[in-house]
Amino acid sequence: MSLSVDQKALIEGAIRDIPDFPKPGIIFKDITTLLNHAEAFGALMAHLKTRYEGYGLDYVAGIDARGFIFGAALAQMLGVGFVPIRKKGKLPYTTVSEKYSLEYGFDEVEVHIDAFGPEKGAKVLLIDDLIATGGTAKAAASLIEKLGAHCVEACFIIGLEFLPGIDSLTSLTPVYTVIGVD
Ligand code: AMP
């Protein structure tokens, strides 16, 4: 089910732009104002529930850290488990990790080795607040597949359409963005 024009405007209007954060030239999309707006947050989550309830998901996996907020709420609404995909060094049990390149150097995401259950082929929805270059999400999607699960879609509240991230991630998994920024 697609969002009505009014619902989309409500959600979009609740996201705050912070120019030059964390460095000059970046417009930071602040979703704390969306979380703070019960009606807009509610409309977003109801939309995501409707979209994904027919997917037969086994898990929702959220990317550290804002993906945890949307992902955990959605997993509960769908009646499935939530899996945190974390930055390196935060998870206490045995992990599997995936490196990805940054502008300078690299970063790494990891997940618990047993996060997607004992059976292979668990159907997983990946979620984060925003896709920019797509580096983090590509590493997260690869990690899901590395553990023998299947990333059925990657969902973002905001997609920066002027960057190549969405196209690049589409080579690994279907991509859905609620609000596109061009
Ligand atoms: P990327 O790997 O380049 O797609 O970056 C995605 C991650 O960085 C997401 O977890 C976002 O939360 C964060 N991020 C990147 N650019 C922005 C931005 N302009 N506003 C808010 N968050 C951003």
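Up top you'll find the structure we're talking about.
Keep in mind the model is a prediction, meaning the values are calculated, not measured.

### Looking at the overall build of the chain
1) Next: A count of helical and extended segments in the chain gives 6 helices and 9 strands.
2) Next: Over its C-alpha trace the chain gives a radius of gyration of 16 Å, about what one expects of a compact globule, namely 16 Å for 182 residues.
3) Next: Counting only C-alpha atoms, the chain reaches 45 × 40 × 30 Å along its principal axes.
4) Next: Across the 182 residues of the chain, 43% fall into the buried class.
5) Next: Nonlocal contacts in the chain, meaning residues at least 24 apart in sequence, comprise 56% of its contacts between residues at least 6 apart.
6) Next: Put simply, the chain shows about 9200 Å² of open surface, and 54% of that area lies on carbon and sulfur atoms.
7) Next: The distance from the centre of the 16 positive side-chain charges to the centre of the 23 negative ones in the chain is 5 Å.

### Focus on the site of the ligand
1) Next: Contacts to the ligand come from 13 residues, most closely from Arg66, Asp129, Thr133, Gly134 and Thr136.
2) Next: The side chain of aspartate 128 places a nitrogen or oxygen atom 2.8 Å from an oxygen atom of the ligand.
3) Next: Side-chain polar atom of aspartate 129 to an oxygen atom of the ligand: 2.8 Å apart, as the coordinates give it.
4) Next: For the ligand, whose accessible area on its own is 490 Å², the fraction buried by protein is 81%.
5) Next: Elements represented by at least two residues in the shell around the ligand include exactly strand S2 (27-30), strand S7 (123-131) and helix H5 (135-146).

### Details of the environment of isoleucine 144
1) Next: If you trace the backbone, isoleucine 144 turns up in helix H5.
2) Next: Sequence-wise, isoleucine 144 and alanine 61 are 83 residues apart; in three dimensions their C-alpha atoms are separated by 8.7 Å.
3) Next: Every residue in contact with isoleucine 144, bar those within four places of it in the chain, is listed here: Ala61, Ile85, Phe116, Val124, Leu126, Ala149, His150 and Cys151.

### So, the packing of aromatic side chains
1) Next: For the structure shown, the criterion picks out 5 aromatic pairs.
2) Next: Between phenylalanine 41 and phenylalanine 70, the ring centres sit 6.0 Å apart and the planes meet at 90°, which makes this aromatic pair edge-to-face. Note that phenylalanine 41 is positioned in helix H3 (residues 38-52) and phenylalanine 70 in helix H4 (residues 66-78), a separation of 29 residues in sequence.
3) Next: Accessibility expressed as a relative area gives 0% for phenylalanine 70, which makes it buried.

### What to know about the nonpolar core
1) Next: Counting 31 residues, the largest nonpolar core has Leu34, Leu44, Leu48, Tyr52, Phe70 and Leu74 as the members making the most contacts within it.
2) Next: Counting only elements with at least two residues in this core, the list comes to helix H1 (5-14), H3, H4, S7, strand S8 (150-160) and strand S9 (175-181).
3) Next: Per element, the largest residue contribution to this core is 7 residues, and it comes from H3.
4) Next: Counting residues in each nonpolar core, the second largest holds 27 residues, with Ile63, Ala139, Ala141 and Leu147 among its members.

Reading the values: the criteria
Residues numbered from 1 in each chain as written. Predicted model: local features only at pLDDT ≥ 70, side-chain atom pairs only at ≥ 80, totals over all residues. Heavy atoms only, no water. Helix = DSSP H or I, 4+ residues; strand = E, 2+ residues; numbered from the N terminus. Rg over C-alpha atoms; globule rule 2.2 N^0.38 Å. Buried < 20%, exposed > 50% of the residue type's maximum accessible area, 1.4 Å probe, protein only. Contact = heavy atoms within 4.5 Å. Areas by Shrake-Rupley, 256 points an atom, 1.4 Å probe, with all protein chains shown as cover. Lys, Arg positive; Asp, Glu negative; His and termini not counted. Charge placed at Lys NZ, Arg CZ, Asp CG, Glu CD. Near = heavy atom within 4 Å. Polar contact = N/O pair within 3.5 Å; in protein donor to acceptor, adjacent residues only side chain to side chain. Phe/Tyr/Trp six-rings, centres within 6.5 Å; stacked < 30°, edge-to-face > 60°. Core = buried A, V, L, I, M, F, W, Y, C linked by side-chain atoms within 4.5 Å.

Read these as spatial facts, not as claims about activity.
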